[in-house]
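Here is what each chain is made of, one letter per residue.
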Amino acid sequence: MINSKLFSIFCIFLIASLPSANAISVLGHDIGIGDGVTAGAGALVGAGAGVYIVGGLTSAIAAGGAAVTAPAWVPIAVVAACAVGGALAVNYGYRWITGADAEDEGGAVTGAAKTNVSDDEYINGTYKYELLAGYRQYSEESAAEDIAEIKDKLESGIGIYKFTVTGTLSDVNVSMKGPDKIYGFSAFPVQLKFDEILTGSESSYVMIENVNIYLVDSDGVKWNPKSYTDNIKLQDNNDDNPEAIEEYILNFTMKAPDPYIGKAKSQITNAPDREILQELINAEVKEFELVVEIDGYAKLYKEESGYKLDPITGLEVWKTWEEYDKTITIDTKLTSLEAWYRIHNGAYYIDGADASLPTSYVNEVTPIAYSSYSNGATSNVIGRVWASPVHCYNSSAQYRFVLIGQPGNLEPVSVTIEDDYRALVLKLRDDGVASIASETPGNFHDMSTYTGLTTSLNYLKDSSTEAFETYFLVVADVDDGIDSALPVWCIIQPRISVIDNVKYSLNEEFKEEILELMSDGSISDSDSQRITEIIQMSEESLKEKQYVAESESGKYEDNDKARNAILNSLEDYEKAFEYYEKAKNTDDPEEVKVYTYLAGDVYGPAGDYWKEAAAKYNLGLDDQGDALASNAEKLESLASEYEPSLWFTAGSTISDWWNQFKSGFGIGDVPDTVLIIVVVIVLVCGAAIVIKVL
C-alpha cells in the first residue's frame, strides 16, 4: 500500500510544478483546466455508477443463494473502469461542445509562459535590455530619486548620550547629545550643554576655561583632539546680573578613529595602489570611546548679616551683604561609549546593472545605473554610478558619478564640506601589477548640494592586460570652524566587468532578413532554404566560440568556480545549437522566430557570459565573475519563459510511449479515444464474467 504521506507530498509537488500556462499536451491533445474539471466530474459519476453495479451484482448473487467469493481486485476494476469511462464520456462531450479538439489542430501547446517573440524584441531586444539593465536609465530626475532614496536610509537624528564622570564637577550640570546613527568613518556632531546649578549667593559663578574632546580607540590611541579655550561664564540671571548666562551650548564635530585617511589621500594624489583601494573598500571601524575633559572653577560667595555703620545717617543699621567664600577647581572627565554603540560600518551595496550588457547594445548611449560597493564617510557623502550599457576592451565608456554631501547629518553643528576627487580605471596586468588605464581628477567644491561628474574612461588593452577595475574616490574636509577641519573619504567601485568585443552568432542583419522572408505569414521552400543558410552561418560562428570554450576548459581544472562556469558555457552553447536545429526543421514562422531568438539572443550570449566569468574566476576576480554569471542566469531565466513546462515534457513522453505501444501491435492508425473505450468495455465485461463464473 502506498504510504499516504508520501502520496500527499507527491501531490503537493505536482501542484507546485504546474506550469504558468493553462494547458499541457497529452496524447496529442491540449489539456486545460476545463478538461480537468469535466473529467473529474465524469470520473465521480462513473465511479458512483460502478459502486452501484457492484452492489447490484452482489445483491443478486446473494438473493440466488450462491456462495461466490470474487478476488478483491474485481470490484475495484469495475469501479475504476466505470470512472475512466465516465471521465472520457463527459470530457468528450465538453470538448465536442466547446470545439477544443478542433483547436488542437492549430499546433501543440508547450506549457510555456511565452509562445512567440514580437518583432521589436526579435530585432531590438527591448525586453532583454530591461532585464539586464535593471530598468534604470539615467536622467537627472532618476538620479535625484536614487540619491534621495539612499539618503533617507542613512538619515540620522540626535539623541541623549549617557556618560560616566570622574574628577570634580562643581555647581554645573553637563549633558551630552549625539547622532542616533553613524555610518563608517564619518564626521558626526557632539553637543555639550552646560547649566549652572549655583545656590545661595547671586554673586557666585562658574567659569569654564577649557573644553577638550577626543576619541580613544581600543588600543588606547587618541584621535581627533579638539579644544575650546574661550572662557564660558555661567551665573544666575537676576536684577543684579541682567546679562548673566545660565546655560551654554557647545557644538563639536568628531569622527571615528580612521587609520585609512592617509591612504585615501595618497590615492588622490599619488600613483594608485590596488591593494590600498581594496583595503578602503573593505575597511571597518574599530571600537572607540568618546572623552570630554572640562577645566575651570566655581567661584563661590556667601551671604553675611550684621550691624554696619550707615555712612549717611552715621547710625549702625542691620545689613546683608555677600563676600568671597572659596574657589572650587573644576577638573573632570566624561567618557561615553554611546557613539560606538550607534555606529555602523560604512560599507554598503547598491543594486543595479551588472558587468556589461552584450555587445549588441553597443549603440545604446544612455547611461544605466550600475550596482556598486561603497565605503567611507557614508553619513557625510553618498554616491551612485551610471555608465554606458556596454563595456568592452579597446573602447571607452561614458560615466556619470553622482554624489552629494550630507551636512544635515551633522546638525546642529553648522559645517561646510569641500572635496577633491579622482575617477580612475586600473589595468590589471599578468605580472600582478595594476597601472592607470584612464583617469579624471577634479573637485566639486561645495558638496552640500547635489553634484555630478560626467567623464569618459577607456579600456585600452595590450598583450599583458588581464582585466580592468573602475574606482571613484573622494577626500573631503568637514569644517565646523573649531580648530582644523576633519578630513573624510568615500570610495565607490561599480560592479562593472569589461568583456571581449564578441559578435552575436545571429546578427541584426540576419534577423531582419528572416523577418522579411516570413513577412507574408508563411515559409516557402525558397524561404526555408535561405533561412537554413543563415542559420548554418550562425552555427559556424557559434562553433568557433564553442571551440574556444572547449580549448580553455582544461586550464580551469583547479578552480571549481571557473570549471563550473566553463561547463555552463558549453551547455548553453549546446542548447543554442539545438534551437538552431529546430529552427531549420519547422515551417511555422512563429517557431522560427522563437527558436532563433533562443539560440542567437539568449543561449548564445548566456554562453558568452559564462565563458567570460570562467576567465575572471580563474584570475581570482570572483566579484567580476559573479557579475557576469548573474547576467548569464538572467538570460537563462528568460529562456525558461519560452521553453516547454515540466507537464508538457511529461505529456510528450507519455504520448511517445503510447504511440510506440500502438505501433508494436499494428494499430498505430486507430484513434486513441476508440482504443481507450475498447479497454474500458473489456475491463467491465471481464469483471462481470469473472463474477458470474465464480
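Anything mentioned here points back to the structure above.
The rules behind each value
- Within each chain, residues carry numbers counting from 1 in the order of the written sequence.
- Totals for whole chains, interfaces and linings use all residues, but because this is a predicted model, local features are given only for residues with pLDDT of at least 70 and pairs of side-chain atoms are given and counted only at 80 or more.
- Note: side-chain values were computed over all heavy atoms of the structure, leaving out hydrogens and water.
- The numbering of helices and of strands both runs from the N terminus, where a helix is a DSSP run of H or I of at least 4 residues and a strand a run of E of at least 2.
- Between buried and exposed lies partly exposed: a residue is buried under 20% and exposed over 50% of the maximum accessible area for its type, with that area taken using a 1.4 Å probe on protein chains only.
- Charge convention: Lys and Arg are scored as positive, Asp and Glu as negative, and His as well as the terminal groups of each chain are ignored.
- The salt bridge criterion pairs a side-chain nitrogen of Lys or Arg with a carboxyl oxygen of Asp or Glu, the two atoms within 4 Å.
- Polar contacts here mean pairs of N or O atoms no more than 3.5 Å apart (in protein, one a potential hydrogen donor and the other a potential acceptor; neighbouring residues in sequence count only if both atoms are side-chain atoms).
- Only protein atoms enter the 1 Å grid used here. Points where a 1.4 Å probe fits but cannot escape make up a cavity, open sets with protein on both sides within 12 Å along at least five of seven lines make up a pocket, and a residue lines them when an atom lies within 4 Å of a point.
- Grid points are joined across faces, edges and corners, and a volume is the space filled by probe spheres set on the points.
- Three classes are used, and their members are as follows: Ala, Val, Leu, Ile, Met, Phe, Trp, Tyr, Cys and Pro are nonpolar, Asp, Glu, Lys and Arg are charged, and the others, Gly among them, are polar.
- Comment: axis = line fitted to C-alpha atoms, over the contacting stretch for helices; angle = value between 0 and 180 degrees taken between N-to-C directions.
- The labels follow the angle: roughly parallel below 35 degrees, roughly antiparallel above 145, roughly perpendicular from 65 to 115, and oblique for the rest.
- Note on convention: the crossing is left-handed when the near helix lies turned anticlockwise from the far helix by less than a right angle, right-handed when the turn is clockwise.
- In what follows, a contact means two residues having at least one pair of non-hydrogen atoms within 4.5 Å.
- Expected span of a helix: the number of residues minus one, times 1.5 Å.
- A pair of aromatic rings is counted whenever rings of Phe, Tyr or Trp (Trp by its six-membered ring) have centres within 6.5 Å, and the orientation is called stacked for planes under 30 degrees apart, edge-to-face for over 60 and tilted otherwise.
- The pairing criterion is simple: DSSP has to find at least two bridges between the two strands.

**Observations concerning the side chain of aspartate 217**
Here is step 1 of the chain: Locating aspartate 217 in the fold gives a position in strand 8 (residues 205-217).
Here is step 2 of the chain: Lysine 286 provides the closest opposite charge to the buried, salt-bridge-free aspartate 217, at an N-O distance of 4.1 Å.
Here is step 3 of the chain: Only 2.8 Å separates the side chain of aspartate 217 from the backbone nitrogen of aspartate 219, close enough to count as a polar contact.
Here is step 4 of the chain: Within the local environment of aspartate 217, its side chain forms a polar contact with the side chain of tryptophan 223, the two groups lying 2.8 Å apart.

**A few points about empty space enclosed by the protein**
Here is step 1 of the chain: The final tally for this structure, using the stated rule, is 3 cavities of 30 Å³ or more.
Here is step 2 of the chain: Approximately 90 Å³ is the volume found for the largest cavity.
Here is step 3 of the chain: In this structure, the largest cavity is lined by Pro358, Thr359, Ile499, Asp500, Val502, Tyr504, Pro605, Asp608, Tyr609 and Glu612.
Here is step 4 of the chain: Residue composition of the lining of the largest cavity, grouped by class: 6 nonpolar, 1 polar and 3 charged.

**Notes on the packing of helix 12 (residues 525-552) against helix 13 (residues 560-584)**
Here is step 1 of the chain: Between helix 12 and helix 13, the shortest axis-to-axis distance is 10 Å and the interhelical angle comes to 165°. In terms of orientation, helix 12 and helix 13 fall into the roughly antiparallel class. Seen along the crossing, helix 12 lies across helix 13 with a hand that is left-handed. Taken together, the residues of helix 13 that come into contact with helix 12 (itself represented by Thr532, Ile535, Gln536, Ser538, Glu539, Leu542, Lys543, Lys545, Gln546, Ala549 and Glu550) are Ile566, Ser569, Leu570, Tyr573, Glu574, Ala576, Phe577, Tyr580, Glu581, Ala583 and Lys584.
Here is step 2 of the chain: Tallied by class, residues from the contact of helix 12 with helix 13 come to 10 nonpolar, 5 polar and 7 charged.

**Comments concerning helix 14 (residues 589-618)**
Here is step 1 of the chain: Over its 30 residues, helix 14 extends 42 Å from the first C-alpha to the last, a length consistent with the 44 Å expected when each residue adds 1.5 Å.
Here is step 2 of the chain: The distance from a side-chain oxygen at the start of helix 14 to the backbone nitrogen of glutamate 590 is 2.9 Å, and the residue carrying that oxygen is aspartate 588.
Here is step 3 of the chain: Just downstream of helix 14, glycine 620 is the residue with a positive phi angle, here 85°.

**A few points about the packing of aromatic side chains**
Here is step 1 of the chain: Counted by the stated rule, this structure contains 18 aromatic pairs.
Here is step 2 of the chain: Here tyrosine 301 and tyrosine 324 contribute two aromatic rings whose centre-to-centre distance is 6.1 Å and whose plane-to-plane angle is 80°, an arrangement assigned as edge-to-face. Here tyrosine 301, found in strand 12 (residues 288-309), pairs with tyrosine 324, found in strand 13 (residues 316-336); they are 23 residues apart in sequence, far enough to count as distant.
Here is step 3 of the chain: A relative accessible area of 43% places tyrosine 324 in the partly exposed class.
Here is step 4 of the chain: Through a chain of ring-to-ring contacts, the aromatic side chains of Tyr399, Phe401, Tyr421, Phe444 and Phe472 assemble into a single cluster.

**Brief notes about the sheet that holds strand 24 (residues 486-494)**
Here is step 1 of the chain: Reading across from one edge, 15-17-24-23-20-21 is the order of the 6 strands in this open sheet, with antiparallel pairing throughout. Pairing within the sheet leaves two strands with one partner each, and these edge strands are strand 15 (348-350) and strand 21 (434-442). Within this sheet the neighbouring strands show an average axis-to-axis angle of 20°, counted without direction.
Here is step 2 of the chain: The pairing of strand 20 (residues 416-429) with strand 23 (residues 465-479) spans 14 bridges and is classified as antiparallel. Within strand 23, the residue paired with leucine 428 across the bridge is alanine 467.

**A short note on the environment of methionine 447**
Here is step 1 of the chain: Here methionine 447 lies in the loop between strand 21 and strand 22 (450-458).
Here is step 2 of the chain: The exposure class of methionine 447 is buried, given its relative accessible area of 0%.
Here is step 3 of the chain: For methionine 447, the contacting residues outside a window of four places in its chain are Val381, Leu403, Ile404, Gly405, Ile417, Asp419, Val474 and Ala476.

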